[in-house]
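# Survey of secondary and tertiary structure
What follows is the residue order along each chain.
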Amino acid sequence: MATSVLEHSAVHHAEAKSGLWSWITTVDHKRIGILYGASAFLFFLLGGIEAFVIRLQLMTADNTLVSPEFYNQLFTMHGTTMIFLGVMPLSAMFFNYFIPLQIGARDVVFPRLNAFSYWVFLLGGLFINAGFFFNAWPNAGWFGYANLTSAQYSPGLNTDFWVIGLQILGIASIAAAVNFFVTIINMRAPGMTLLRMPMFVWMSFITQILLLLAFPVITVALVFLMMDRHFGTHFFIPAGGGDPILWQHLFWIFGHPEVYILILPAFGIVSEILPVFSRKPLFGYTAMVFSGVFIAFLGFGVWSHHMFATGMGPFADAFFSLSTMLIAVPTGVKIFNWIGTIWGGSLQFKTPMYFALGFIAMFIIGGLSGVMHSSPPADLQQTDTYFVVAHFHYVLFGGSIFALTGGAYYWLPKMTGRMLNETAGKIHFWLMLIGFNLTFAPMHILGLNGMPRRVYTYPAGLGFEFWNGLETVGAAIIVVSQLVFIVNLIVSLRRPRNAPADPWHGATLEWSIPSPPQEFNFPEVPEVKSSIPLWDLRRELGSLPEPQRVSGAGIHLPNPSYYPLVAAIGVFVTLGGILFAQPHFPWYVITLTGVAVLFYGVYRWAFEPAG
Amino acid sequence: MSDAAAHAMHPPTSTGLDNRKVAIWAFIGSECLFFASLISTYLVYKGKSLVGPLPHEASQCMLHGQMQRCEGVFEVPLVTAGTAVLLFSSFFVVLALYGAQKGNRKMLLGWLSATVACGLFFVGMQVYEFTHFYHKGMGYGTNLFSSTFFTLTGFHGSHVTLGVIWLSTILFLAARGKLPPEKALNLELAALYWHFVDVVWIVIFPVVYLMR
Amino acid sequence: MDAHVTVHSEEHSHPTPGLYFRVALILFFLTAAEVAAFELARRPGSLQSVVGPVVVPILLVLSAVKFALVAMFYMHLKQDSKLFATLFVFPLMIAAVIIIALIILFAYWRMPH
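Not measured: the values here are computed from a predicted model. (Residues numbered from 1 in each chain as written. Chains lettered and ligands numbered in written order. Predicted model: local features only at pLDDT ≥ 70, side-chain atom pairs only at ≥ 80, totals over all residues. Heavy atoms only, no water.)

## Remarks on the packing of aromatic side chains
Here is the rule we go by: For Phe, Tyr and Trp, where Trp contributes only its six-membered ring, two rings pair if their centres lie within 6.5 Å, and the inter-plane angle classes them as stacked under 30 degrees, edge-to-face over 60, or tilted in between. The helix count covers DSSP runs of H or I at least four residues long, the strand count covers runs of E at least two residues long, and both are numbered beginning at the N terminus. Only protein chains enter the accessibility calculation, which uses a 1.4 Å probe; a residue whose area is less than 20% of its type maximum is buried, one above 50% is exposed, and one in between is partly exposed. Charge-over-ring contacts are defined here by two conditions on Lys NZ or Arg CZ: a distance within 6 Å of the ring centre and an angle within 35 degrees of the ring normal.
Applying the stated criterion across every chain yields a total of 106 aromatic pairs over all chains. A ring pair is formed by Phe224 of chain A and Phe235 of chain A, whose centres lie 4.1 Å apart and whose planes are at 20 degrees; its orientation type is stacked. In this pair, Phe224 of chain A is assigned in helix H6 (residues 199–230) and Phe235 of chain A in the loop between H6 and helix H7 (244–278), connecting sequence segments eleven residues apart. Comparing Phe224 of chain A with Phe235 of chain A shows no difference in burial state: the two are buried. Pairing Phe34 of chain B with Phe155 of chain B gives two aromatic rings, centres 5.2 Å apart and planes at 85 degrees, and the pair type is edge-to-face. Here Phe155 of chain B lies in helix H5 (residues 144–175) and Phe34 of chain B lies in helix H2 (residues 19–44), a separation of 121 residues in the sequence. Taking relative accessible area as the criterion, Phe155 of chain B reaches 23% and is therefore assigned partly exposed. It is Arg31 of chain A that lies over the ring of Trp23 of chain A; its NZ or CZ is 4.5 Å from the centre.

## Some remarks on the interface of chain C and chain B
Accessible area lost when the parts come together is the quantity often used to give the size of an interface. The following threshold applies: By definition, residues are in contact when any of their heavy atoms lie within 4.5 Å. Accessible surface is computed with a 1.4 Å probe, and the buried area is the amount of it that two parts give up when combined, taken over both parts together. Salt bridge, as used here, is a side-chain nitrogen of Lys or Arg placed within 4 Å of a carboxyl oxygen of Asp or Glu. Here a polar contact is taken to be a pair of N or O atoms separated by no more than 3.5 Å, where protein atoms must pair a possible hydrogen donor with a possible acceptor and residues adjacent in sequence count only if both atoms sit in side chains. Under the scheme applied here, ten amino acids are nonpolar (Ala, Val, Leu, Ile, Met, Phe, Trp, Tyr, Cys and Pro), four are charged (Asp, Glu, Lys and Arg), and all others, including Gly, are polar.
Across the contact, 41 residues belong to chain C and 44 residues belong to chain B. Buried surface at the junction of chain C and chain B, both sides included, amounts to about 3800 Å², of which 83% is carbon and sulfur. Lys21 of chain B serves as the salt-bridge partner of Asp80 of chain C, at 2.7 Å between the closest nitrogen and oxygen. Across the contact surface, chain C and chain B share three residue pairs in polar contact (both at pLDDT 80 or more). Split into classes, the residues belonging to the side of chain C that touches chain B amount to 30 nonpolar, six polar and five charged.

## Topic: the nonpolar core
Put simply, the test is: Throughout, nonpolar core names a set of buried Ala, Val, Leu, Ile, Met, Phe, Trp, Tyr and Cys residues whose side chains join them through atoms within 4.5 Å. Residue ranges for the domains originate in an automatic or database domain assignment.
Counting 313 residues, the largest nonpolar core has Phe359 of chain A together with Phe88 of chain C as its most contacted members. Of the residues forming this core, the biggest block, 23 residues, is contributed by H6 of chain A. The residue makeup of this core includes at least three contributed by each of domain 1 (3–79) and domain 2 (81–113) of chain C. Those residues in contact with Phe359 of chain A that sit more than four places away from it in its chain are Ile263, Ala266, Phe267, Val270, Trp338, Gly398, Gly399, Phe402 and Ala403 of chain A.

## Comments concerning the pattern of salt bridges
Applying the stated criterion across every chain yields a total of 14 salt bridges over all chains. Close ionic contact of Arg538 of chain A with Asp502 of chain A constitutes a salt bridge, the shortest N to O distance being 2.8 Å. Here Arg538 of chain A, found in helix H15 (residues 533–541), pairs with Asp502 of chain A, found in the loop between helix H14 (465–494) and H15; they are 36 residues apart in sequence, far enough to count as distant. By relative accessible area, Arg538 of chain A is classed as buried at 17%. Between Lys136 of chain B and Glu75 of chain B there is a salt bridge whose closest N-O contact spans 3.3 Å.

## Things to note about the interface of chain A and chain B
Between chain A and chain B, the contact holds 36 residues from the first and 33 residues from the second. Buried surface at the junction of chain A and chain B, both sides included, amounts to about 2800 Å², of which 71% is carbon and sulfur. Of all residues in chain A, Asn186, Val220 and Phe235 of chain A give up the largest surface area on contact with chain B, accounting jointly for 18% of the area buried on that side. Viewed at the interface, chain B and chain A are joined by ten residue pairs in polar contact (both at pLDDT 80 or more). Elements that contribute at least two residues to the side of chain A that touches chain B include exactly helix H5 (158–186), H6, H7 and helix H17 (587–607) of chain A. Here the element with the most residues in the side of chain A that touches chain B is H6 of chain A; it accounts for nine residues. Within the side of chain A that touches chain B, the residues separate by chemical class into 25 nonpolar, nine polar and two charged.

These results come straight from atomic positions and should not be treated as a statement about function.
Structural data, given as structure tokens:
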């Protein structure tokens, strides 16, 4: 076949295939995916520990486990970590590993840019958390509302770590989004038209568009904030004529699409799992695609529903209320299609399926409380109470985390070559489901009874004690469920490889190659005739033969490179230097050094042979 | 010539479009939102400065340690010159690209040099303008107008600077004969970015300088 | 220079320098028109009362035409793949909506209640 082997002089990849250096210089999307996954999981555990300390503090009334100051840092870093360092990069792990595999490609379109994204992400995540060691963990909330973040009200370095860290992470997100966007547009296997792409690829595709269009806005808002803090401007400072509300607008113009950046990959994962374990193609494929597009598009027109309490006037309230309610329609389409997919199917109750079904149930609860918020009068009652906390944990934890966990059980055998234990997986699921609901369901009640968010304690006698105690018990159960997962993962990794290429009888291309895939993914670029290529083949052949590992001689792969890391360090130093922006301190020397390193990295990168 | 040969060199893409060109367009799309945020902020804060100086109108401002009456700061003729030069540089770079695609080395080098010169002129104009404003008592944090103006035009200027660096690199390569027609895309990508920077200025010029 | 001949000839054709030059001329005159509108609206005179009230729409239209000319002819969106045009126009639409929405939202604050 013409597509099989590209006539190239064999480039030698005999360099290092294992060891630390091979990971530092890797441009293999699978390895970068694993790096994303490992880093993000550690950050996720850190965010979980932060949450658990919060729950311990709130377990009883008038508790003094942590100081109010430290409590502020805990809830700020819990939110920041879970969103930017947990859910987003866990999704990025799946983007990296499975977008190329699902579209039948040998790598992403710009492998070195992919490595750059990862390194920038890692350095940004470490930067935000580095504040901890200087007693300056960010402490103004993950939303960083002005003018609490001004130099006057947040004099320490806490907010600087947050601002600069998010800027660094934003660069990683934009670079990655360009990469995956072009990958999906241009690297599809022959025959894979847009409407034959797996649903995970579709939802990821929409996510990249959201990333591209939403992140520039937060970048600008963060620049303004940085200037306010260090360079004497008054963008958000009323004393100089600035308007703190502008921060909220810019933040939520980014922030609402960001919500869909967090949930759309989860929609994609669930839309992969449900058909496979129902032995039925996805119900309403085209409707699923267009509802996703519609959700993303509307996502840019609803941001002010986060701001009803700022008093925008009846016209704006009515507009944003209606546009928000409208989003319930495509979301409902998705939920009915998932139910339609499992309806009448031959259900296989494996762990991934448990999590996917748990996702649907939990997400519906979170979605319903979201519709409640879309009404300004109801929202005014609920703003800044635990009701809101309950809502977004049902969509982000009950939604995203359940789906990502299901995705892990579904795809880890492909990534590691080892099956996870089913019994432990189901214990994980039930503990997580019970713990999750014990933790977050009572928050609805507490919120409606008036318990405010972001306050480090509450007095006795308001009727908050019982529910808070129950929530902490639930949080402990969640912790246990994660321990079960970690043990399951470690035990499976210590075993020899035992995963077949296609343990679940999957429908998409990643199951047509050995687990874990070889470096070049596909010995021959596959041809695709529908959105379920492997089921087509299975119907044709009766059963699928186990694919053999083959020699990749002659298959052309990109060279490893450390310049992406050099460029990432340049970005890190450039922006990190601003942390030292004090009068009479030559901080710009640090920043200019960073710029020099960045340029050196980019130029060497541009002129080295890509392979 | 050989489509086949070309395809052997670059794996075919699903859309038939070049990967890097799709990427630069996606990035340009992303940049639209970046400048939209800056322009929105400029407009939202228009007329809300608490002290002078102001763009066009006379106002009270702090100069040499005391409040005094000062004139509007904008020098429209100067900026019009810069605008015209930037517009012409867009014209020059398409001519350079045309030369690169046709293998006309003279045309490529000549017009690309002209483009870089125009870019440098524009950056110089902006440096002069900023310094001039500063001496008129308009620091970065003086008022909302100065902050939003310097941030918006400053980010645009840094994009111009980046474009000058990119185009200069390509000029350097072209001068050493490393930009044959089949590599003209290298210039096309930089040119697209350059045009984008130009269209942003096409918006900024009337919105910031000409609307009162 | 016969620009119109070659435009539709082959797949990878680009407009000729002649067309580029004409676009440059138009851009130049439109810029001159922008500055003229600005000056007329500013200076006391018989035309001020005519141009003054409509100077903002005039400038917006002129600017939009210039923008479109550069995008269509210099960025080659007119003959390049529609995908590129989509990649540019879709974000532009969202950008425009956000700019307009923010202006409206903040105008509300300045109204007396």
